[in-house]
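Here are the chains, one letter per residue:
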Amino acid sequence: MISIQEDDPQRVDVIEPDTVNLVQITDCHIFDSPDKKLMGLNTRRSFEAVKTAVAGAAQRHDLLLATGDLSQDGSAGSYRYLAQQLDDLGIPGFWLPGNHDDPELMPRHLTGNSLHPAKRVLAGSWQIVLLDSTIAGEVHGRVPDSQLTFMDAALRQYPDRHALVCLHHQALETGSEWIDLKGLRDAARLRSRMAQHDNIRAVIWGHVHQESHQSVAGVEWMSTPSSCVQFKPGSREFATSDESPGYRQIRLHADGSLETVVHRIENFEFDID
Ligand SMILES: [Fe+2]
């Protein structure tokens, strides 16, 4: 069940199952043109394969998180396409921008019956907080004071709720020099601010187009494959990987623990330039 309030991005939406099953889709890089490709891959085709897998999953999904670079060209058409596709899925969906996105066009066009602009979600015994780590015109990111203050206030308002924080850029370095240079410039500052809260259980992001999962100081830190092109883990210089597009499922339990699994699309044939 989801309660819809005023059209205010600071608002809180509420979902009430005991255990929350969520799906994270990220870095879809959709173009305005249906025919355009990213490094030889048609990103609408790969996104639709991910969508089909999510729709066919055995597990119900209580909510969907789309963690940026949803568009490649920041076009209204790319957001309208995504809105239609995500509305088809029918899972209450929440989004945040990535470096390729247009944060002004997103709230205007990435709307629909199941899509919500809220940046805080109360779900089961959890609170989900969505941060904006983008800097206009830059690939790298940073979390400005205003977003840190937003996070602090949200977490302090519900100190007894477990928290999942989402952003686009990597909160932990990947070890790939090229992409860490294009990552979050003030990641250490974000992490030390997070450490002031004892209710953060997990942090998830996109941007790096690869799966990772580390447990550090009682927090699960996770990146998720793109729904299109994958980047090669551990590579010093830019390199793609031939792994398939994917997405992540996370099951948030009432005691603050979680289970998670990354799914790759099977039988998806593609060539990367
Ligand atoms: Fe991306």
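The preceding data block contains the structure.
Residues numbered from 1 in each chain as written. Predicted model: local features only at pLDDT ≥ 70, side-chain atom pairs only at ≥ 80, totals over all residues. Heavy atoms only, no water.

Draft legend 1. Spotlight on the packing of helix 4 (residues 145-157) against helix 6 (residues 187-194). Running from N to C, helix 4 and helix 6 cross one another at 20°; their axes reach a closest spacing of 11 Å. For the element pair helix 4 / helix 6, the angle class is roughly parallel. Crossing of helix 4 against helix 6: the hand is right-handed. For the pair formed by helix 4 and helix 6, the contact residues are Asp-145, Leu-148, Thr-149, Met-151 and Asp-152 on the first element and Arg-189, Leu-190, Arg-193 and Met-194 on the second. (Axes fitted to C-alpha atoms, helices over the stretch in contact; angles between N-to-C directions. Helix = DSSP H or I, 4+ residues; strand = E, 2+ residues; numbered from the N terminus. Parallel < 35°, antiparallel > 145°, perpendicular 65-115°, else oblique. Left-handed = near helix turned anticlockwise from the far one by under 90°. Contact = heavy atoms within 4.5 Å.)

Draft legend 2. How the structure looks around the nonpolar core. The biggest cluster of nonpolar side chains holds 58 residues, and the ones touching the most others in it are Ile-25, Leu-110, Leu-131, Leu-167, Leu-190 and Val-203. The element best represented in this core is helix 2 (residues 76-89), accounting for 6 residues. In this structure, Leu-110 is in contact with Leu-70, Tyr-79, Leu-82, Ala-83, Trp-95, Leu-105 and Leu-115, ignoring residues within four places of it in sequence. In this structure, Val-20, Leu-63, Ala-118 and Ile-250 belong to the second largest nonpolar core, which totals 21 residues. (Core = buried A, V, L, I, M, F, W, Y, C linked by side-chain atoms within 4.5 Å. Buried < 20%, exposed > 50% of the residue type's maximum accessible area, 1.4 Å probe, protein only.)

Draft legend 3. Structural detail: the coordination of the iron ion. Around the iron ion, the donor atoms from the protein are Asp-27 (OD), His-29 (NE2), Asp-69 (OD) and His-209 (NE2), and they sit 2.1 to 2.5 Å away. If you look at the iron ion, its 4 donor atoms make angles of 90 to 175° with each other, and the shape they trace is irregular. All donor residues of the iron ion come from one chain, and their arrangement in sequence is D-x1-H-x39-D-x139-H. Of the two residues, His-29 is situated in the loop between strand 3 (20-25) and strand 4 (37-38) and Asp-69 in the loop between strand 6 (63-67) and helix 2; the sequence distance between them amounts to 40 residues. Neither residue differs from the other here; His-29 and Asp-69 are each classed as buried. (Donors = N, O, S within 2.8 Å, 3.2 Å for Na, K, Ca; no water. Tetrahedral: all angles 85-135°; square planar, octahedral: opposite > 155°, others 65-115°.)

Draft legend 4. Up close: helix 4. Between its terminal C-alpha atoms helix 4 stretches 18 Å, which fits the 18 Å expected from 13 residues at 1.5 Å a residue. Against strand 9 (120-123), strand 10 (126-130), strand 11 (162-166), helix 6 and strand 12 (200-205) lie the buried residues of helix 4. (Expected span 1.5 Å × (residues − 1).)

Draft legend 5. How the structure looks around the side chain of Ser-244. Relative to the helices and strands, Ser-244 is located in the loop between strand 16 (240-241) and strand 17 (246-252). Looking at Ser-244, its side chain comes within polar contact range of the main-chain oxygen of Ile-265, at 3.2 Å. (Polar contact = N/O pair within 3.5 Å; in protein donor to acceptor, adjacent residues only side chain to side chain.)

Draft legend 6. Spatial organisation of the pairing of strand 17. Strand 17 sits mainly inside the fold: 6 of its 7 residues count as buried. Relative to strand 17, strand 3 runs antiparallel, the two sharing 5 bridges. Bridge pairing in strand 17 links Asn-21 to Arg-251. Where strand 17 meets strand 18 (residues 258-264), 7 bridges bridge the pair, whose relative direction is antiparallel. Pairing of Tyr-247 across the sheet is with His-263, part of strand 18. Counting the residues that bridge the hairpin from strand 17 to strand 18 gives 5 residues, and of these Gly-256 lies at a positive phi of roughly 95°. (Pairing = 2+ DSSP bridges.)

Draft legend 7. Main features of the sheet that holds strand 17. Here we have 6 strands laid out as an open sheet, ordered 8-7-6-3-17-18, and mixed in their pairing. Of all strands in the sheet, those with a lone pairing partner are strand 8 (115-116) and strand 18, marking the two edges. Sheet topology note: the strand 3/strand 6 ladder contains 4 bridges and is parallel. Among the inter-strand pairings, Gln-24 is bridged to a residue of strand 6, identified as Leu-65.

Draft legend 8. Here's a closer look at unusual backbone geometry. For Met-39, which is not glycine, the phi dihedral falls at a positive 50°. Here Met-39 lies in the loop between strand 4 and strand 5 (41-42). Accessibility expressed as a relative area gives 27% for Met-39, which makes it partly exposed. Of note in this structure, His-207 is not a glycine but carries a positive phi near 70°. With respect to the element layout, His-207 can be found in the loop between strand 12 and strand 13 (212-216). His-207 sits in the buried class, given a relative accessible area of 5%.

By themselves these figures say nothing about function.
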